[in-house]
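Residue-level structure breakdown
What follows is the residue order along each chain.
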Amino acid sequence: PGYKQVPLLDGDEVDTDGMDDVSDVVCEALRSASAFDTDDEHVPAVVQFSAAFYFADKREGSLRVDIIRLGGLSQTCSVNFSTEDGSAKAGVTYKATSGRVVFQAGERLKSFNVPLIVNHIWAATLEFHVALSGPEDCSLGQYLGSCRVKVIDDNMFPSNKYCKQLKRGDVGSIAGALLFWEYFKLNFEAGGVAWRTVLALVLDQMQNLYHLALINCEAYLVNVVCKVSDDSEDQLILPSRLGTAYILAAVYIIPSALLHIWTLASHKMDIDGRSRLFLRTSLFRKYLNFSEASREAISAEDLQFAIIEEAGSAVSGYMAVLSLLQTLGKVLVSLYFVITKNPGAIWVVFAMPTTMFCWAFYRNYCSEIITSRAQVVDLSRHTKECCDNYELLTEYNLRPHANHTFMEKAEVLKEQVAKASFKKLNTEFVLEWTCPVFIGMYLVSAIHMVLSEKLRLGFFLATIHVISSMGGACMTVYSRAMGVVGTFKPLRNLTSFLNSETDLLFWKRRNRWRRKHTISLLNEPNAGKQSLDFDAIPLVCRGVGYQLPKVGEILRDVNLEIPQGRLVALMGPHGSGKSTFLRILGQRLMPSTGQIFVPSHLRVLHVRREAQILHRPLLENLTFGSPPDKAPDLP
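The numbers attached to residues start from 1 for each chain and follow its sequence in the written order. Given that the model is predicted, a residue must reach a pLDDT of at least 70 before its local features are reported, and side-chain atom pairs must reach 80 or more before they are shown or counted; all residues, however, enter totals for whole chains, interfaces and linings. As a convention, hydrogens and water are excluded, and side-chain values are obtained from all of the structure's heavy atoms.

1. Some points on the overall build of the protein
For clarity, the cut-off: Numbering goes from the N terminus for both helices and strands, where a helix is a DSSP run of H or I of at least four residues and a strand is a run of E of at least two. Three labels apply to residues, based on accessible area from a 1.4 Å probe with only protein chains included: buried if under 20% of the type maximum, exposed if over 50%, partly exposed otherwise in between. Accessible surface is estimated by sampling points in the Shrake-Rupley manner with a 1.4 Å probe; for residues, cover comes only from the protein chains shown.
Across its full length, the protein holds 18 helices and twelve strands. A buried classification covers 42% of the 635 residues belonging to the protein. When the accessible surface of the protein is split by element, carbon and sulfur atoms take 59% of a total near 34500 Å².

Shown next, in the form of structure tokens:
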């Protein structure tokens, strides 16, 4: 009486081997828990979920969620339940589920299933919520009136096509272009990206049709409108040349205004931003579920570089493909004009792109590939190390040395970037003057046909325009293609990152065992006599031990039984393993031997002894860990 029980954070569980001893201890505690013998009619009923977290595997097809009743069992009570979207969306990851459960007199447990949608599209660990509402003849639990469901996805990033190589960690054996294609398909399937991409591809070709219309208008303007002769009168759109010129002016102006509106609309669709958001949130969400080994293998600098730089590079490759397809459409309409209006110039429009392609291929695949990623990461690590250890550098008077080291690393990065830029400049310079060379060659070869009136002047001038625009288009194709190729290495790093091991399956097994074992204890024949059965289940440790390879045994055969609602002080001399034992109870460490049982509806929280202040307002630091809807409102 007078003591307020505060549930703590969900989580601890053990392997099922040897848990009979724990069960016997718990059942004995239930049989002897006379402290909970009260008049059931006067005990209020509290309804809540059996755990704060649930773990689901998409392959299972559904997830069972348990609702438990604490307190009085003599009356009938009911409550509504419903699913709510989080990072997981109804209709994509799971099927929206809602309903109402009724607890008859004496019932303490109700369950319902949430259907999961099985697919082979990769996703980081997604979450949705299940909430209780509308309690009747009962009240909702203070903290477990809602729960979170983590949906585990065992698909490989970016797809399961190269599952064997990815599971071996052999990302380098997969061709960069093939890996990028799988990523392209994955990003295409991301929320809202598919229809936006299709719409962009279709409407982007309107610019190419406008380009074709302008070329024909130029030729028509020279061949017909500006050619004052009787034989051109019949080819005018309107009876007068001036009226026809007005029509051509409208062809120039009106589509241009419409295309400008489309450009603004495409910016609003923000395919690039949505794609970056998908990949960056996936990276961060994946990292938060890493196993200890994965966190040790990937540094904070690697995570930051992956989120800020490499994710952006991968998405830039996706956007480069869209731009590449638009530019290829421009090349095709240019070829169409030459083939239909000036077939004698076909050799130019085929030879020029071929020459540019061969040069670009040689420079990028037959010569040294220069990148600066390693130097960027090295400089970033040195900077973070100096910032984290500033006092140490000051105490040992090593700030000049740190500055000198930074200058050396920055110089190496500068030289690497300059080397890569110089190579890119030379490559693009040759590509740029290829177009003027072919224009000159065509001019020399075709001018005699114009002078002899075998080729109309308008088609001759339009062909020169076509060659010039094709040169620019080929430069754009090269730039976009290099943008795609430039994503291969970052994408390999992202693939390794996103396929790293997580601890979700481990926590799933422990979570389900806790739930199952808690329910099985309540079904014991002698346990049902108690009115507060859930609150009568103690926390039990049996034979808990912990040892480190180089240190040896720290804990041995710890046996402990803690009733709920008690404040327990753990005492002992320095170095006796108190902190280690508390970290084991708080799920920060796993015992080497023995078992720990905590009822599933209790939450376990490990509070570090070192004070930590986050870059957040004071109130958020003081209430850190409290559910958002439970944080106090201060004036």
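2. A look at the nonpolar core
Here is the rule we go by: Nonpolar core, defined: a set of buried Ala, Val, Leu, Ile, Met, Phe, Trp, Tyr and Cys residues in which side-chain atoms within 4.5 Å join the residues together. Every residue pair with non-hydrogen atoms within 4.5 Å of one another is taken to be in contact.
Residues Phe157, Phe180, Tyr183, Leu279, Leu283 and Phe497 are the most contacted members of the largest nonpolar core, which totals 42 residues. Going through the elements one at a time, α2 (163-168), α3 (176-189), α4 (193-225), α5 (241-269), α6 (271-288), α8 (300-341) and α14 (488-498) are the ones with two or more residues in this core. Looking at this core, the element that brings in the most residues is α8, giving ten residues. When sequence neighbours within four positions are dropped, the list of residues in contact with Tyr183 reads Phe157, Pro158, Leu279, Ala314, Val315, Tyr318 and Leu491. Of all hydrophobic cores here, the second largest spans 31 residues; its members include Met352, Tyr442, Phe459 and Tyr478.

3. Details of the packing of aromatic side chains
Applied cut-off: Centre distance within 6.5 Å is the pairing criterion for rings of Phe, Tyr and Trp, where only the six-membered ring of Trp is used; planes under 30 degrees apart are then read as stacked, over 60 as edge-to-face, and the remainder as tilted. Whether a charge sits over a ring depends on NZ of Lys or CZ of Arg being within 6 Å of the ring centre and within 35 degrees of the ring normal.
Counted according to the given criterion, the structure contains 14 aromatic pairs. Between Trp122 and Phe157 the ring centres are 5.0 Å apart and the planes differ by 75°, which places this aromatic pair in the edge-to-face class. A residue pair is termed long-range when its members are at least 10 positions apart, and Trp122 in the loop between β6 (109-115) and β7 (126-136) and Phe157 in the loop between β9 (146-152) and α2 qualify at 35 residues. For the pair formed by Trp122 and Phe157, the shared burial category is buried. Note on Phe290 and Phe497: the rings are 5.4 Å apart at their centroids and 40° apart in plane angle, and the pair reads as tilted. In this pair, Phe290 is assigned in the loop between α6 and α7 (292-297) and Phe497 in helix α14, connecting sequence segments 207 residues apart. Of the two residues, Phe290 and Phe497, both sit in the buried class. A connected cluster of aromatic rings, assembled from ring pairs, spans Phe180, Trp181, Tyr183, Phe184, Tyr318 and Phe488. Sitting over the face of the ring of Tyr143, Arg603 holds its NZ or CZ atom 4.3 Å from the ring centroid.

4. Some details on the sheet that holds strand β5 (residues 98-103)
Our working rule: Two strands make a pair as long as DSSP finds a minimum of two bridges between them. In this description, a line fitted to the C-alpha atoms serves as the axis of each element, helices being fitted only across the stretch in contact, and the angle between N-to-C directions of two axes falls anywhere from 0 to 180 degrees.
An order of β2-β9-β7-β4-β5 is seen for the five strands of this open sheet, with the pairing classed as mixed. Because the sheet does not close on itself, it has two edges, and the strands there are β2 (53-57) and β5. Recorded for the sheet is a direction-independent mean angle of 25° between the axes of neighbouring strands. Of the pairings in the sheet, the one linking β7 to β9 comprises six bridges and is antiparallel in character. In the sheet register, Glu127 faces β9, and the bridge partner there is Lys150. Against the sheet, helix α15 (residues 504-522) engages β2 and β9, with an angle of about 120° to β2.

5. So, a nonpolar patch on the surface
How we decide: Nonpolar side chains (Val, Leu, Ile, Met, Phe, Trp, Tyr) within 5 Å and like charges within 9 Å form the patches, drawn only from residues with over 30% relative accessible area and no salt bridge. A carboxyl oxygen of Asp or Glu within 4 Å of a side-chain nitrogen of Lys or Arg is what we treat as a salt bridge.
On the surface, a cluster of nonpolar side chains totalling about 510 Å² of accessible area is made up of Tyr252, Ile253, Ile254, Leu258 and Ile261. In this structure, Ile254 sits in helix α5.

6. Regarding the pairing of strand β11 (residues 552-562)
Pairing of strand β10 (residues 539-548) with β11 involves seven bridges; the strand directions are antiparallel. Directly across from Leu548, in β11, lies its bridge partner Gly552.

Everything listed here is a matter of geometry and, on its own, says nothing about what the molecule does.
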